[in-house]
Amino acid sequence: MDNQESKWVRAFTNIAFIKYWGKANEELMIPMNNSLSLTLDAFYTDTQVHFLTELKQDELYIDGELQDEKSLDKAKVILDLVREQAGIQDHARIESINHVPTAAGLASSASGLAALAGAASLAAGLDLSQTELSRLARRGSGSASRSIYGGFAEWQQGSNDLDSYALPIDDANWDIGMIFIIVDDKRKDISSTEGMRRVVESSPYYEGWVQSTAEDLKEIKVAIAERNFIRIGEIAESSAMKMHALNLSAQPPFNYWSPDSIIAMRKVEELRDSGYPVYFTMDAGPNVKLICKQSQMDEIYELLLKDYRSDQLVRAHPGPGMQVLAGEDLP
């Protein structure tokens, strides 16, 4: 088909303050609970899609390297939905430049699948709304539904394909930011999908997780509206610890932490004890994210340099929503 519509699309990672951990429907990526995240400017994915009649199969290139069939699984879900909606049958070539380590608990799937949803729909000539893009991205990776938006976004659980999507909550254009402590950027042993499945099937605490998460969500939305930084941090840290407690209670138990993760968490407690309002959150990986005030970020960064190399620390500010690139922004 004619590929004049093909554009480079950029989407940024988001880090969940209220976690999503468990699916009610794996095929449709319907979660067991609502979740809320902050999109950040530090990590992102640039993607372009071409639908080409001469291709015999879909192809995915990440940073110039052709990926294997397994790496295409999530992308194919989005491509097939776009082809069906656009009424085309051509295979696609996906070119993706990833500015975030893959499968290391740094939300690479969120930015990657959100960028793919935007680029594939444009290449197919579809003019999708943000809600439609959020639904489409969700089918590849649940957390990608939130990366369509900048600032704080809430993924509405919904009950079917039409009503499960994210909505913007707050632009986060105030005194909040994050510092990533990267203790390990290697691919994790247990995927998020497998981890969630095991927890839902076997954790005796799962019902309590769903109920308490609903309360956490109500409270953190009030705290965001009031710019109550300390309360936001307390709720986010608690949500992360509850998620990881579920993993330890599964059969068989598992966890994403490394010894260095625990050291980093203790470092956050030390910073708090010394008067800095700093809180941590962690996802399905060993890396620790510090929620802090932007106005204190450089100061905290300098303190962390006593224990970490500069290449282990990444400062992040609230990021924008999905962008179509042009001019100087092109990769």
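It should be emphasised that the depicted structure is a prediction, and the values quoted were computed from it without experimental measurement. (Residues numbered from 1 in each chain as written. Predicted model: local features only at pLDDT ≥ 70, side-chain atom pairs only at ≥ 80, totals over all residues. Heavy atoms only, no water.)

Draft legend 1. Spotlight on the overall build of the chain. Summing up its helical and strand segments, the chain has 8 helices and 14 strands in all. For the chain, whose C-alpha radius of gyration is 19 Å, the value lies close to the compact-globule estimate of 20 Å for 331 residues. Once the C-alpha set of the chain is aligned to its principal axes, its extents read approximately 60 × 45 × 35 Å. Counting only contacts in the chain whose residues sit at least 6 apart along the sequence, the fraction spanning at least 24 positions is 75%. (Helix = DSSP H or I, 4+ residues; strand = E, 2+ residues; numbered from the N terminus. Rg over C-alpha atoms; globule rule 2.2 N^0.38 Å. Contact = heavy atoms within 4.5 Å.)

Draft legend 2. Looking closely at the environment of glycine 285. Within the element layout of this structure, glycine 285 appears in the loop between β11 (279–281) and β12 (288–292). Sequence-wise, glycine 285 and aspartate 189 are 96 residues apart; in three dimensions their C-alpha atoms are separated by 9.3 Å.

Draft legend 3. Inspection of the packing of helix α5 (residues 206–225) against helix α6 (residues 229–249) at higher detail. Taken N-terminus to C-terminus, the directions of α5 and α6 make an angle of 165 degrees; their axes are 9 Å apart at the nearest point. In terms of their interaxial angle, α5 and α6 are classed as roughly antiparallel. Crossing handedness for the pair α5 and α6: left-handed. Seen from α5, the contacting residues are Tyr206, Trp209, Ser212, Asp216, Glu219, Ile220, Ala223 and Ile224; seen from α6, they are Arg231, Ile232, Ile235, Ala236, Ser239, Lys242, Met243 and Leu246. Considered class by class, the residues forming the contact of α5 with α6 number 10 nonpolar, 2 polar and 4 charged. (Axes fitted to C-alpha atoms, helices over the stretch in contact; angles between N-to-C directions. Parallel < 35°, antiparallel > 145°, perpendicular 65-115°, else oblique. Left-handed = near helix turned anticlockwise from the far one by under 90°. Nonpolar A, V, L, I, M, F, W, Y, C, P; charged D, E, K, R; others polar.)

Draft legend 4. Here's a closer look at the sheet that holds strand β13 (residues 313–316). An order of β11-β12-β10-β13 is seen for the 4 strands of this open sheet, with the pairing classed as antiparallel. Looking at strand neighbours, the two that pair on one side only are β11 and β13, the edges of this open sheet. For this sheet the average axis-to-axis angle between neighbouring strands, irrespective of direction, equals 25 degrees. Relative to β12, β11 runs antiparallel, the two sharing 3 bridges. Note on β12: the bridge partner recorded for phenylalanine 280 is leucine 290. Seen against the sheet, α6 touches β11 and β12 and runs at an angle of roughly 35 degrees to β11. Sitting on the sheet, helix α8 (residues 294–304) is in contact with β10 (177–181), β12 and β13, with an inclination near 20 degrees to β10. (Pairing = 2+ DSSP bridges.)

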